[in-house]
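Summary of structural features
What follows is the residue order along each chain.
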Amino acid sequence: MKLTKIISYLVFITALLALGPYILLDAKSLFFHYAMVYGYLLLIAISWNYLYTLTGMVSLGLQLYFGTAVYATALFINLTNNLAIAVAASFLISALLSLAVSILLIRLRGLSFTIGSWMFAEGSLLIMLNVPGMGGSQGYGIPTIQIPVKELYVASVIAIVLTFLATYILTNGKLGFGARGVKHLELLAGTLGLNIPLYKIIVLTISHLIAALAGILYMLYVKYTDPYTAFSIMWSIEAIIISVIGGINTLLGPFVGGAVYLVIHEYVRFLYAELNILITGAIMVFFGLAYKEGIMSFVNKMVMRRKQQPVKLLSKIA
Amino acid sequence: MLDLISQLIVNSLMLSGLYTIITIGLSLIFVLMGILDFTHGIKILLAGYISFWLISWGSHPALALAISVGVMTLIGSALYAGPVKRVSDIHFTTLLVTLGISYIIEGLVSIYQPPQTIIIAKSVTGLTVPLSIDIAGLKFSTALVETFVFSLSIIVLFQLLLKRTMFGITLRALVEDKETTSLMGVNPSTRLLLSIAIVSAISGVAGFFYMRSFGGTIGDWTLILGKAFALTLFVGKTTNLQALFLMALILAFTENIIGTLISISVKDIAAVIVIILSLIFKYREV
């Protein structure tokens, strides 16, 4: 499909998704709450899936960038009372942090990378607990700013669509092909002259910035956090669950997986609120054991099979 | 100053024994199956909780230790033979399932036990012992001394098992070359199950002595797991217990020195920094 055609579809979908509920629904509607939760879960899942698809790296440290963006947004809003400055500063800090961490992390591969990424996030959690002026374990909030939920919802839709478009272009462009070359045949890619560390750093930074975007939306919506929530490993785990349900290595997988996960999780939690951690564990075990290929991978295969059927018939006749 | 350094070295040495037995199980599963078992941390804490509950219900500490070792052997073997073995081929599904099991156990324990720090205050001998003893101007925590004696015994026994018994030799052969060893008539599945049972039992002991030395809450499993992961990855795919002990000593010494000289609240940050640095600068492809 041509890029212009995809963009026109996306503009239409964005307008429909953003303006429909904005006009038709009341601000107190539960739809906006679930849409916001879906929004930041989806973004963090896109972040994980993008990194895994292009590099094969399994990250357990996305909460580092999520949490950093959460705190940076709150801090700069409280300092400047200016949303634009806070968002820009939050992105900048996350990007710099990502660059610094990625330079060290690309030395690791496989399980070492997974544990290394997690340890960076755990370290940040412990540091954040001890940073003076950030509330420690009591948490930190933004009492000064009020953003109507409807406007936040529209911003969230736009952010998701733009992220989708960016990952589509980056996955199917030169960067995507190069990174996948590094993923499958690193030694060969190096001999062919590809700058392997650079490819890895770029993909890692993009992935981390998507996680940071999720963190910004989270803070603007929830307005209060603490280190145990912002830097919780659960953000990375939820990203993996969503990707596994929807289909790893597919761009639309997180969208479908996010919706399925949200429905299951919120419904079961509604029924048994006090068993939250147990239920999350059960969901993880269930989808880990039941994993085959994910919903979107299955759909893609079915579509491909249909397309190939005439060819098969022709080859039989021949 | 010299007294302080001596004290730090002694404390670190004692702690490194505990860190080594905490890591042995994870390390052996990693070596044999090529997976990082995320249930390892929660299994250790569960063993500590089982011991704590049994003691609080009036059981003798040694009996509580024996029961928790037995329970952990059963749980460890059942988890391996069931879900873990089934998903061990794919990296992220292993991660998802083992982490999920950890959360289920954490959730189940939290239903019964309120989220507060617990500690095993009684000596494993059942006798009333002082909190610490002074020898040559150095202070020895009795809990740490007990922990060290048991840890060292286990390390020595495990080393003997690996080096001197036919079981250990076939196990090491499996690590070197699984296919050839299988062709020589060794059944990898049986050996693996037996090793999992042994290391799960060691986790049971580690859990008891973790709760005896430090105490903690069920949520501490992530930090225990982080330390065990780092030590495992640092040593790599070998059964080298000396290297494991040495790295555990470095980790314990860093924690102790930061905890003493700066603040106890930042000692875990120092541990995480050591873990990250050890991973990055002593990298082995796994």
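From a predicted model like this one, the values you see are computed outputs, not experimental measurements.

Of regular secondary structure, chain A possesses 14 helices and 2 strands. In terms of C-alpha radius of gyration, chain A reaches 20 Å, essentially the compact-globule figure of 20 Å for 318 residues. Summarising its shape, the C-alpha atoms of chain A cover approximately 75 × 50 × 40 Å along the three principal directions. For chain A, the proportion of its 318 residues judged to be buried stands at 42%.

Summing up its helical and strand segments, chain B has 11 helices and 2 strands in all. Listed by position from the N terminus, the elements making up chain B come as α-α-α-α-β-β-α-α-α-α-α-α-α. The C-alpha atoms of chain B give 19 Å as radius of gyration, which agrees with the globular expectation for 286 residues (19 Å, within 12%). Along the first, second and third principal axes, the C-alpha atoms of chain B reach 60 × 45 × 35 Å. With 286 residues in all, chain B has 47% of them scored as buried.

The next point concerns the nonpolar core. Within the largest apolar cluster, 179 residues are counted, with the highest numbers of intra-cluster contacts made by A:Ile44, A:Phe66, A:Ala214, A:Ile241, A:Met284 and B:Leu231. Viewed by domain, this core spans two of them, domain 1 (3–232) and domain 2 (233–318) of chain A, each represented by three or more residues. Setting aside anything within four residues of it in sequence, one finds A:Met284 in contact with A:Ile237, A:Ile241, B:Leu96, B:Val97, B:Leu99, B:Gly100 and B:Tyr103.

Facing 37 residues of chain B, the contacting portion of chain A comprises 34 residues. Residue assignment for the side of chain B that touches chain A shows that the elements contributing at least two residues are helix H3 (61–87), helix H4 (91–112), helix H9 (221–235) and helix H11 (267–281) of chain B. Examining the composition of the side of chain B that touches chain A, we find that 15 residues originate from one element, H4(B), more than from any other. Looking at the side of chain B that touches chain A residue by residue, the class counts come to 25 nonpolar, 8 polar and 4 charged.

This next bit is on H3(B). An α-helical segment advances 3.6 residues per turn. Residues three or four places apart therefore align on the same side. Over its 27 residues, H3(B) runs 37 Å from end to end, which matches the ideal 39 Å to within 8%, given 1.5 Å per residue. Within H3(B), the axis deviates most sharply at B:Tyr80, by approximately 45 degrees, and proline B:Pro83 lies no more than four positions further along.

On to the domain arrangement of chain A. All names here are of chain A. When its domains are assigned, chain A resolves into domain 1 (3–232) and domain 2 (233–318). Using C-alpha coordinates to define each centre, domain 1 is positioned 21 Å away from domain 2. On the side of domain 2, 19 residues touch domain 1, which itself brings 26 residues to the contact. Within the residue set of the side of domain 1 that touches domain 2, elements represented by two or more residues are helix H2 (30–55), helix H3 (62–80), helix H5 (110–130) and helix H6 (149–172). No other element matches the 13 residues that H2 contributes to the side of domain 1 that touches domain 2. Looking at side-chain class alone, the side of domain 1 that touches domain 2 contains 17 nonpolar, 9 polar and no charged residues.

Here we come to unusual backbone geometry. All names here are of chain A. Its identity as a non-glycine residue notwithstanding, Asn81 has a phi of 60 degrees, on the positive side. Residue position: Asn81 is located in the loop between H3 and helix H4 (83–105). On the basis of neighbour count, Asn81 is assigned to the exposed category, with 12 C-beta atoms found within 10 Å. Phi is positive for Lys223, which is not a glycine, with a value near 70 degrees. If you trace the backbone, Lys223 turns up in the loop between helix H9 (196–222) and strand E2 (224–225).

Another aspect to go through is the confidence of the model for chain A. Scored by pLDDT, chain A comes out at a mean of 84, with 93% of its residues at no less than 70. Per-element averaging of pLDDT across chain A places helix H14 (residues 295–317) of chain A at the bottom with 68 and H3(A) at the top with 94.

With that out of the way, let us pick up the packing of H3(B) against helix H8 (residues 188–213) of chain B. Residues and elements named next belong to chain B. H8 packs onto H3 with a crossing angle of 140 degrees between their chain directions and a minimal axis gap of 7 Å. As judged from the angle between their axes, H3 and H8 are oblique. Considering how the two elements wind past one another, H3 and H8 form a crossing that is right-handed. Along the contact surface, H3 presents Leu65, Ser68, Val69, Met72, Thr73, Ile75, Gly76, Ser77, Tyr80 and Ala81, while H8 presents Leu193, Ile196, Ala197, Ser200, Ala201, Ser203, Gly204, Val205, Gly207 and Phe208. Looking at the contact of H3 with H8 residue by residue, the classes come out as 12 nonpolar, 8 polar and no charged.

Now for the environment of A:Leu105. All names here are of chain A. Considering the arrangement of structural elements, one finds Leu105 in helix H4. For Leu105 and Ile216, which are 111 residues apart along the polypeptide, the C-alpha to C-alpha distance reads 24 Å. Each residue touching Leu105, except ones within four places of it in the same chain, is listed here: Phe113, Gly116, Ser117 and Leu204.

Time to look at the pairing of strand E1 (residues 132–135) of chain B. Residue and element names in this part refer to chain B. Two elements, E1 and strand E2 (residues 138–141), share 4 bridges in a ladder whose sense is antiparallel. Note on E2: the bridge partner recorded for Ser132 is Ser141. Connecting E1 to the next strand, E2, in antiparallel fashion are 2 residues, including Ala136 with a positive phi near 50 degrees.

What follows deals with the confidence of the model for chain B. The pLDDT averaged across chain B works out to 86; a share of 97% of its residues lies at or above 70. Between the elements of chain B, mean pLDDT differs from a low of 78, seen in H11(B), to a high of 94, seen in helix H2 (residues 40–56) of chain B.

Let's shift gears to the packing of helix H13 (residues 276–290) of chain A against H4(B). At a minimum axis distance of 7 Å, the contact between H13(A) and H4(B) shows a crossing angle of 155 degrees. What the angle tells us is that H13(A) and H4(B) run roughly antiparallel. For H13(A) against H4(B), the interelement crossing comes out left-handed. Here A:Ile277, A:Leu278, A:Thr280, A:Gly281, A:Ala282, A:Met284, A:Val285, A:Phe287, A:Gly288 and A:Leu289 of H13(A) come into contact with H4(B), specifically with B:Thr93, B:Leu96, B:Val97, B:Leu99, B:Gly100, B:Ile101, B:Tyr103, B:Ile104, B:Glu106, B:Gly107, B:Leu108 and B:Ser110. Counted by class, the contact of H13(A) with H4(B) contains 14 nonpolar, 7 polar and 1 charged residues.

A separate point is H2(A). In this model, H2(A) (26 residues) spans 38 Å end to end at C-alpha, consistent with the 38 Å of a helix rising 1.5 Å per residue. In the segment just after H2(A), A:Gly56 is the residue with positive phi, at about 75 degrees.

Cut-offs applied
- Residues numbered from 1 in each chain as written.
- Chains lettered and ligands numbered in written order.
- Predicted model: local features only at pLDDT ≥ 70, side-chain atom pairs only at ≥ 80, totals over all residues.
- Helix = DSSP H or I, 4+ residues; strand = E, 2+ residues; numbered from the N terminus.
- Rg over C-alpha atoms; globule rule 2.2 N^0.38 Å.
- Buried ≥ 20, exposed ≤ 12 C-beta atoms within 10 Å, placed from the backbone.
- Core = buried A, V, L, I, M, F, W, Y, C linked by C-beta atoms within 7 Å.
- Domains from an automatic or database assignment.
- Contact = placed C-beta atoms within 7 Å.
- Nonpolar A, V, L, I, M, F, W, Y, C, P; charged D, E, K, R; others polar.
- Expected span 1.5 Å × (residues − 1).
- Bend = angle between axes of the 7 residues up to and from the residue.
- pLDDT = per-residue confidence, 0-100.
- Axes fitted to C-alpha atoms, helices over the stretch in contact; angles between N-to-C directions.
- Parallel < 35°, antiparallel > 145°, perpendicular 65-115°, else oblique.
- Left-handed = near helix turned anticlockwise from the far one by under 90°.
- Pairing = 2+ DSSP bridges.

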